[in-house]
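Geometric and topological summary
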Amino acid sequence: MLKVQNLGYRVGERWLLRGVDLAVGEGEFLAVLGPNGSGKTTLLRLLAGELRPTEGEVFLLGEPLAVYGPQALARQRAVLSQVREMAFPYTAYEVAFLGRLPHLVGRERPLDHRKTLEALERVRALSLKERLFPSLSGGEAMRVEVARLLNQEARLLLDEPTNHLDPRYALELLCLFRALAYEGKGVVAVLHDLNLAGLFADRVLLLKEGRAVAYGPPQAVLHPGLLEEVYEVAFSVLGQPGGPTFWVPLPREVVRGA
Ligand SMILES: Nc1ncnc2c1ncn2[C@@H]1O[C@H](COP(=O)(O)OP(=O)(O)OP(=O)(O)O)[C@@H](O)[C@H]1O
């Protein structure tokens, strides 16, 4: 569904991202990991078509992103970003309804309103529908944004969750993206939590200074030695055979002293 070859993005003399290859098939969940400033958001914006690559190409359903018009692109890929600014004080319902725009041909139909209510219900935000979007808490706003994203019915979902979510909603959100992947969507999520990547992702792309240093199933690529090299802290790996794995960052002195 999504294929990226030798992707690079440069600002002035500086490459923010270089030489990245990846592929996301239907039903696949890819987590993008890496330290602050390693190029995760830049990659997501390139995948979304918000930035044009300096080098390489992003292919969506076999076509370069550049050949898609805005509406055609919005029908195929949806982006959950951290940007919450709104020019007008829309209600939560109206924000969720915005997801239908790429599908409207002329007038809105009862179907579009039914889908909006279903999307709000799926993220347990139906009770917020009359509220003004700017008055929502960070976590509530994120759920409404997810309803908008669901309403878009795109095949590729690009997601950079905020830190506004408490553990329950963070897990709920990733469970939802995992379920959507099982339903056949492709999912690319920028994550900071290695444990969530280990729990939910089929594959992980680990970035450092704009380069891919590892790409593959979480268990196969997240070695403590590599993680220490990338994040510059030590990692302890915990877990029982057959159960989930946990990566715990620790100051190097603590590990050396142990
Ligand atoms: N338009 C720009 N011009 C110059 N430098 C930029 C621009 N956009 C991003 N950068 C720089 O590129 C690097 C990568 O940024 P990016 O936001 O992709 O990193 P990130 O991995 O998402 O970081 P974080 O985890 O902190 O969100 C950073 O050093 C950032 O300051």
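Source: prediction; values computed, not measured. (Residues numbered from 1 in each chain as written. Predicted model: local features only at pLDDT ≥ 70, side-chain atom pairs only at ≥ 80, totals over all residues.)

On to the overall build of the protein chain. A count of helical and extended segments in the protein chain gives 10 helices and 12 strands. Against the compact-globule benchmark of 18 Å for 258 residues, the protein chain has a radius of gyration of 19 Å, which places it among compact chains. Considering only C-alpha atoms, the protein chain reaches an extent of 65 × 40 × 35 Å along its principal axes. Counting the 258 residues in the protein chain, one finds 37% classified as buried. (Helix = DSSP H or I, 4+ residues; strand = E, 2+ residues; numbered from the N terminus. Rg over C-alpha atoms; globule rule 2.2 N^0.38 Å. Buried ≥ 20, exposed ≤ 12 C-beta atoms within 10 Å, placed from the backbone.)

With that out of the way, let us pick up the sheet that holds strand β9 (residues 203–208). By way of backbone hydrogen bonds, the strands of a sheet pair with one another, either parallel or antiparallel. If you trace the 6 strands from one edge of the open sheet to the other, you get β6-β7-β8-β3-β9-β10, paired in mixed fashion. Strands with a single pairing partner mark the edges of an open sheet, and in this sheet they are β6 (77–80) and β10 (211–216). Averaged over neighbouring strand pairs, the angle between their axes works out to 15 degrees when direction is ignored. As paired elements, strand β3 (residues 29–33) and β9 share 4 bridges and run parallel to each other. Considered in β9, the bridge of L30 is made with R203. Its contacts with the sheet put helix α1 (residues 40–48) on β3, β6, β7 (156–159), β8 (186–190) and β9, and the angle it makes with β8 is roughly 150 degrees. (Pairing = 2+ DSSP bridges. Axes fitted to C-alpha atoms, helices over the stretch in contact; angles between N-to-C directions. Contact = placed C-beta atoms within 7 Å.)

Further remarks concern the confidence of the model for the protein chain. When pLDDT is averaged along the protein chain, the result is 92, and 96% of the positions lie at 70 or above. The element-level mean pLDDT for the protein chain is lowest in helix α10 (residues 252–257), coming to 74, with β9 highest at 98. Predicted complex metrics record ipTM = 0.97 and pTM = 0.93. (pLDDT = per-residue confidence, 0-100.)

Glancing now at unusual backbone geometry. What is expected of a backbone is that most residues other than glycine have negative phi and most peptide bonds are trans. Although it is not a glycine, E209 adopts a positive phi angle of roughly 45 degrees. Position of E209 among the secondary structure elements: in the loop between β9 and β10. The exposure class of E209 is partly exposed, given the 15 C-beta atoms found within 10 Å. If you check the backbone angles, E232 has positive phi at about 60 degrees while not being a glycine.

As a further point, take the packing of helix α4 (residues 110–122) against helix α5 (residues 138–151). Geometrically, a packed helix pair is captured by the angle between its two axes and the distance between the axes. Contact pair α4 / α5: the axes reach a minimum separation of 8 Å and the direction vectors enclose 135 degrees. One element, α4, and the other, α5, form an angle in the oblique class. When the axes of α4 and α5 are compared, the crossing they make is right-handed. Residues K115, T116, A119, L120 and R122 of α4 touch α5, and the partners they reach there are A147, L150 and N151. (Parallel < 35°, antiparallel > 145°, perpendicular 65-115°, else oblique. Left-handed = near helix turned anticlockwise from the far one by under 90°.)

This brings us to the domain arrangement of the protein chain. Looking at the protein chain, the domain boundaries give domain 1 (1–61 + 155–230) and domain 2 (86–154). The centre of domain 1, based on its C-alpha atoms, is set 25 Å off from the matching centre of domain 2. Facing the 10 residues of domain 1 at the interface are 6 residues of domain 2. Among the elements of the structure, β7 and α6 (167–182) are those that each provide at least two residues to the side of domain 1 that touches domain 2. Among the elements that line the side of domain 1 that touches domain 2, the one with the most residues is α6, at 3 residues. Counted by class, the side of domain 1 that touches domain 2 contains 6 nonpolar, 2 polar and 2 charged residues. (Domains from an automatic or database assignment. Nonpolar A, V, L, I, M, F, W, Y, C, P; charged D, E, K, R; others polar.)

Take the site of the ligand next. Taken together, the residues surrounding the ligand are V11, L16, G34, N36, G37, S38, G39, K40, T41 and T42. Of all the elements, α1 adds the most residues to the shell around the ligand, at 3 residues. Along the lines of polarity and charge, the residues of the shell around the ligand split into 2 nonpolar, 7 polar and 1 charged. (Near = placed C-beta within 6 Å.)

Let us look at the sheet that holds strand β2 (residues 14–24). What the 4 strands build is an open sheet, ordered β2-β1-β4-β5; its pairing is antiparallel. Two strands in the sheet have a free side with no partner beyond their single neighbour: β2 and β5 (63–64). As defined by bridge partners, strand β1 (residues 2–11) adjoins β2 across 7 bridges and the pair is classed as antiparallel. Following the sheet pairing, K3 is matched in β2 by A23.

Further remarks concern α6. The terminal C-alpha atoms of α6, which comprises 16 residues, lie 22 Å apart, in line with the 22 Å expected from a rise of 1.5 Å per residue. Restricting attention to buried positions, one finds in α6 the residues L173, L174, F177 and A181. Looking straight down α6, one finds its buried side chains confined to an arc of 90 degrees; they lie on one side. Exposed residues lying more than 90 degrees from the buried face of α6 are R168, C175, A179 and Y182. Buried residues in α6 make contact with β3, α5, β7, β8 and α7 (194–200). Two residues or fewer after α6 comes G184, characterised by a positive phi angle close to 115 degrees. (Expected span 1.5 Å × (residues − 1). Arc of directions from axis to C-beta.)

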